[in-house]
Amino acid sequence: MPFHFIYQIFKKYKCALHCMFRRGLCILLICFAYKFGYGQMADTYEEISVTLNVQRVGSTEIPALVKNELAWLPVKDIFDFLKIKNNWSAAQDSITGYFINPKAGFVIDKINNRITFVDKVFDLSIADLVNTPSGLYLRSDYFGKIFDLTCNFNFRSLSVNLVSNIELPAVRELQQQQMHRNITKLKGERVADTTIKQSFSFFHLGMADWSIINTDATTGATNTRFTLNAGGIVLGGEANVYINHNTQSPLEPGQQFYRWKFVNNSNAALRQVTLGNIFVQPTASVYGAIKGVQFSNTPTTYRRSFGTYRLTNTTEPGWMVELYVNNVLVNYTKADASGFFAFDVPLVYGNSAVKLRYFGPWGEEKTSEQNIGIPFNFLPSHQFEYNLSAGIIDDDEKNKFSRLSMNYGLVNHITIGGGVEYHSGVTSGRTMPFLNASVRLGSNLLITGEHTYRVRSKAILSYRLPSNVQAEFNYIKYDKGQTAIRAGIKSSNNYLEEKKAIISIPFASKKFTAFSRFSFNQLKLTNAKYTTAEFLISGVFHGISSNLTTSAVYSNPKHPFIYSNLSATFRLPKGVRLTPQAQYEHIQKNFSMLKCEVEKNLFNRGFLNVSYEKNIVTDLTYMNVGIRYNLSFAQTAFSITNSSAVTTTVKSVRGSLLYDDNSNKLRVSNQSNTGRGGITILSFLDLNCNGLRDDGEPKVAGLKLHINGGRLFTNKDTSISISGLEAYTNYFVELDRGSFDNVAWQIAKRTMNITVEPNHFKLIQVPVAVVGEVSGMVYIKKNSSETGIGRIIVNIYNRQLVVVATVLSEADGYFTYFGLPPGDYSVHVDEKQLTKLNMTALPAINFNIKAGKEGDVVDGLKLEIQSLEK
């Protein structure tokens, strides 16, 4: 191999070689110190390298001391990896810093074998804290006892799994980076080297989700429910079929779901066509699924966001909630002790709904995704959108339904709209025309209004103060004779008026964060009136999540029902979470319900749940024990509940099947995949650098990439597959330039903007060009002597005499260029510079870069110039 090629390799890996040299020198010094100063410790501890795995952060190699299968871990290395502030003392016998909050200071003192954290002092034995020339090591279990960093050491795999219930700085930093990338993506600010648009295939097999749930009771009742949700591509569109069967009843067609959806965002006139079960936001009450057809020119994604709208909801206590806008993750939060959470939702032009996904504290995931409607619908200036739906309602009367809605952006902050709705079962008027408008005044005031002829009029106002206090008021007035919106399927007690007010106030200080919300609702019916009020305060203080909610219901003014619900979550050692809960009724002045729940993770793949509940009003007691465990191919769960001498057991298992027709492989997963898509990226050696995979060009392993979503796995054929991606969404993929050890293997286009297709793995072939290098010298000839000359422009031409590269000679005349595809070239000094210097040069030198797996190097070229002056 030519010397200069070896030199290029050295330049690329000189940092790694230098690091290896330093580590080798450190090992020699440590061995020397052990022999002469730490000989006794060397007899009892063994220093080895282990892999530190941190959930949602990644992995790294760290040193560790091992004795009797116990591990002592380097404090500074771990804190540095987790981005926790820490500093060595001058004598390197103590570490000081703070844990996440500057008020939570700590001192790890080896001299006194003591750790001070906030206002607590932990006295250690000499063996708990070990100081060596390579660092300060703390016994692994103390990371969990003191800092809630549970470190599980596996001696067989030489790995440490670190789990924490606290949002670590490293996790927050990664999430913020991802959110910034995604919000930037929503605004359309990212530009990729390559854009791969949606393709329309005739037929593809795809994804299938399945589940089996069995329920048995001591009363003799037994029930088993089977569900199958299969998806594929038919005639270029997404085809989904949902089959639901219960052993207690025959297979009912009304409980089944089927839909075919065709999406083409490039067609401005008609972007979406849907057949089968269609989703509509009707004005009239619809009690059943609508099966029919839907046409729309609304795209599935939008580019711009212009403000925020506060959204509050509830889920399971302690669950993580991810917020998606147009199928893009833009924020996340954790529910409090009662399951309450709040988001500031980015308002996006043309978008009227957001999606929430829920993740349990031990890795479980809710497959149900909740679409939350936002009442404000804005469009960019002079943009028009429509949505036309028609079908049959799957109810007893098989009523006919249709709806046409249209919206137009007058300016960016004013959108007007209208349309007509038809419902054959409405006796007060089957045809219901409507008008609507949304207005944004300034950046903090949003107003929307709608009037439906002979049905209702409504208005919503939302205002946010600079202090982030938000107030929302909602008023709806119904026509007295309307029957379109009913309180029940066959109820004659219809709506007359609705009033709603919500005031949200966030609090934040150095010691705690809290969120409060006051809501008022009043509903008038023909024969009744209901008034409800609720005050909620949720916060975190010293790591304890708590929630106090007081509610009042005034359906009968003489007998109001007022109660408060208090819950809190405590983090206990060994990964145990304790959640007590109590409900107090203020009129009766006694407790009506007491509940306590204990949860613990199981081997980081499941969790154990034990709960006890006492309903004092009904004198009923409920006891429940549940276990959920995640296998690689399915999620399993088992629970047993006892109440009033009745014991009920529930067993469930669910999973997913994924078929990749690119590799003809059937995969299994424990997460839901139907309706989502995937990408398979295959890299190959592009020997002739034409960007296409020709015969004889092999696959190449080692490609590294980054993508903002999905689950990534490597196939046996060296390709990389990413599953769980949202359909019709553009994903930004970044390829790592340093993926390959061979410096001749280059990736020309490192960023890709890929449109994901539903129920299908999209194959993307990445050419890895094998390039060559050319080098030489530029000399100036004076009389009979030659001297290297610097700052001379050297042009490299292809066969068509087009300049493909330009380099500048160094001070001694040396020039080099790396990155030439195989082919014929010539090299010559720049003619314009020669003219300015009043010089001439010898004719161009021709050379050839040969194709091959290792690349090619042409060196020793000699360019001569000389002055025209005599």
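Just so it is clear, the structure is predicted and the values come from calculations on it, not from any experiment.

Draft legend 1. Inspection of the overall build of the protein at higher detail. The secondary structure content of the protein amounts to six helices and 61 strands. Of all 870 residues assigned to the protein, the portion counted as buried reaches 43%. Within the protein, residue pairs in contact and separated by at least 24 positions form 51% of the contacts whose partners lie at least 6 positions apart. Total accessible area computed for the protein in this model is approximately 44000 Å², and 57% of it derives from carbon and sulfur atoms.

Draft legend 2. Focus on the nonpolar core. Within the largest apolar cluster, 36 residues are counted, with the highest numbers of intra-cluster contacts made by Phe79, Ile108, Phe147 and Leu149. Once residues lying within four places of it in the same chain are set aside, the contact partners of Phe79 are Ile84, Asn86, Phe106, Ile108, Phe143, Phe147 and Leu149. Ile196, Leu687, Leu703 and Val756 belong to the second largest nonpolar core, which has 26 residues in total.

Draft legend 3. Representation of helix H4 (residues 140-147). Within H4, the full set of buried residues consists of Ser140, Tyr142, Phe143, Ile146 and Phe147. Buried residues in H4, looked at end-on, bunch into an arc of 155°, giving them a common side. In the segment just after H4, Asp148 is the residue with positive phi, at about 60°.

Draft legend 4. Representation of unusual backbone geometry. Non-glycine residue Lys83 carries a positive phi angle of around 65°. Looking at Lys83, the relative accessible area reads 45%, which means it is partly exposed. Despite not being glycine, Arg454 has its phi angle at roughly 60°, a positive value. Along the polypeptide, Arg454 turns up in the loop between strand E30 (445-452) and strand E31 (456-464).

Draft legend 5. Representation of the environment of Val66 in the model. Mapped onto the elements of the fold, Val66 is located in strand E2 (residues 58-67). By relative accessible area, which is 6% here, Val66 ends up buried. Remark: the alpha-carbon pair of Val66 and Arg139, spanning 73 residues in sequence, is separated by 9.5 Å.

Draft legend 6. A look at the sheet that holds strand E12 (residues 159-163). Reading across from one edge, E9-E10-E3-E2-E1-E12-E11 is the order of the seven strands in this open sheet, with mixed pairing throughout. Looking at the sheet topology across the chains shown, the edges are occupied by strand E9 (129-132) and strand E11 (150-154). When strand polarity is set aside, the average angle formed by the axes of neighbouring strands in this sheet is 35°. Relative to the sheet, H4 contacts strand E3 (70-74), strand E10 (135-139) and E11, its axis offset from that of E10 by approximately 75°.

Draft legend 7. Examining the sheet that holds strand E6 (residues 105-109) more closely. Spatially, five strands are ordered E4-E5-E6-E7-E8 in an open sheet, and the strand pairing comes out antiparallel. Strands with a single pairing partner mark the edges of an open sheet, and in this sheet they are strand E4 (86-88) and strand E8 (120-123). Each adjacent strand pair in this sheet contributes to an overall mean axis angle of 15°, direction not counted. Pairing geometry for E6 and strand E7 (residues 114-117), over four bridges, is antiparallel.

Draft legend 8. The arrangement of the side chain of His423 in detail. Secondary-structure assignment places His423 in strand E28 (residues 414-423). Note on His423: relative accessible area 4%, which makes it buried.

Draft legend 9. The confidence of the model for the protein, seen in detail. On average, residues of the protein carry a pLDDT of 84, and 89% of them reach 70 or more. Model confidence for the protein, summarised as mean pLDDT per element, is weakest for helix H1 (residues 3-36) at 42 and strongest for E28 at 96. Within the model, the stretch residues 1-43 combines pLDDT values under 50 with 37 contacts to residues more than four positions away or in other chains.

Draft legend 10. Just the packing of aromatic side chains, in detail. Counted by the stated rule, this structure contains 17 aromatic pairs. Ring geometry for Phe79 against Phe147: centres 5.5 Å apart, planes inclined by 90°, an arrangement best described as edge-to-face. Within this pair, whereas Phe79 is found in helix H3 (residues 75-81), its partner Phe147 is found in helix H4, the two being separated by 68 residues in sequence. For the pair shown, Phe79 and Phe147 are each scored as buried. Centroid distance Phe106 to Phe147: 5.7 Å. Interplanar angle 75°. Geometry classified as edge-to-face. Of this pair, Phe106 sits in strand E6 while Phe147 sits in helix H4, placing them 41 residues apart in sequence.

Draft legend 11. Focus on the pattern of salt bridges. Following the criterion strictly, the structure yields 20 salt bridges and no others. We note a salt bridge from Lys145 to Asp141, for which the minimum N-O separation is 3.4 Å. One end of the pair, Lys145, and the other, Asp141, are both in helix H4, four residues apart, so they sit about a helical turn from each other. Here Glu786 makes a salt bridge to Lys862, at a shortest N to O gap of 2.9 Å. With Glu786 in strand E54 (residues 785-788) and Lys862 in strand E61 (residues 857-867), this residue pair connects regions lying 76 residues apart in the sequence. Residue class for Glu786 comes out partly exposed when judged on its relative accessible area of 32%. Residue classification places Lys862 among the partly exposed residues on the basis of a relative accessible area of 39%. If you follow the salt bridges from partner to partner, you end up with Asp128, Arg139, Asp141 and Lys145 in one network.

Draft legend 12. Representation of a positive patch on the surface in the model. A contiguous patch of positive charge on the surface is contributed by Lys477, Lys480, Lys499 and Lys529. With respect to the element layout, Lys529 can be found in strand E35 (residues 529-541). Judged by relative accessible area, which is 40%, Lys529 ranks as partly exposed.

Draft legend 13. Here's a closer look at the pairing of strand E44 (residues 665-669). The sheet contact formed by strand E43 (residues 646-660) and E44 spans five bridges and is antiparallel. If you follow Asp660 over to E44, its bridge partner there is Lys665. Here E43 folds back onto E44 in antiparallel fashion, the turn holding four residues, of which Asn664 has a positive phi close to 55°.

Draft legend 14. Expanded view of the side chain of Asn759. With respect to the helices and strands, the residue Asn759 is situated in the loop between strand E51 (751-755) and strand E52 (761-770). By relative accessible area, Asn759 is classed as buried at 0%. Only 3.3 Å separates the side chain of Asn759 from the backbone oxygen of Gly232, close enough to count as a polar contact.

Draft legend 15. The environment of Phe684, seen in detail. Turning to its location among the elements, Phe684 is positioned in strand E45 (residues 677-686). Setting aside residues up to four positions removed in sequence, Phe684 forms contacts with Gly691, Leu692, Arg693, Glu697, Pro698, Lys699, Val700, Gln765, Val766, Pro767 and Val768.

Draft legend 16. Quick look at a nonpolar patch on the surface. On the surface, a cluster of nonpolar side chains totalling about 490 Å² of accessible area is made up of Ile503, Phe518, Phe535, Ile537, Leu548 and Leu566. Position of Ile503 among the secondary structure elements: in strand E33 (residues 495-508). A residue is classified by how much of its surface remains accessible, and Ile503, at 34% relative accessible area, is partly exposed.

Draft legend 17. Summary view of the environment of Tyr408. Positionally, Tyr408 belongs in strand E27 (residues 400-411). On the basis of relative accessibility, which here comes to 30%, the residue Tyr408 falls in the partly exposed class. For Tyr408 and Glu385, which are 23 residues apart along the polypeptide, the C-alpha to C-alpha distance reads 6.6 Å. Residues in contact with Tyr408, not counting those within four places in the same chain, are Leu379, His382, Gln383, Phe384, Ile414, Thr415 and Ile416. A distance of 3.0 Å separates a polar atom in the side chain of Tyr408 from a polar atom in the side chain of His382.

The rules we used
- Residues numbered from 1 in each chain as written.
- Predicted model: local features only at pLDDT ≥ 70, side-chain atom pairs only at ≥ 80, totals over all residues.
- Heavy atoms only, no water.
- Helix = DSSP H or I, 4+ residues; strand = E, 2+ residues; numbered from the N terminus.
- Buried < 20%, exposed > 50% of the residue type's maximum accessible area, 1.4 Å probe, protein only.
- Contact = heavy atoms within 4.5 Å.
- Areas by Shrake-Rupley, 256 points an atom, 1.4 Å probe, with all protein chains shown as cover.
- Core = buried A, V, L, I, M, F, W, Y, C linked by side-chain atoms within 4.5 Å.
- Arc of directions from axis to C-beta.
- Pairing = 2+ DSSP bridges.
- Axes fitted to C-alpha atoms, helices over the stretch in contact; angles between N-to-C directions.
- pLDDT = per-residue confidence, 0-100.
- Phe/Tyr/Trp six-rings, centres within 6.5 Å; stacked < 30°, edge-to-face > 60°.
- Salt bridge = Lys/Arg side-chain N within 4 Å of Asp/Glu carboxyl O.
- Patch = residues over 30% accessible without salt bridge, like charges linked within 9 Å, V, L, I, M, F, W, Y side chains within 5 Å.
- Lys, Arg positive; Asp, Glu negative; His and termini not counted.
- Charge placed at Lys NZ, Arg CZ, Asp CG, Glu CD.
- Polar contact = N/O pair within 3.5 Å; in protein donor to acceptor, adjacent residues only side chain to side chain.

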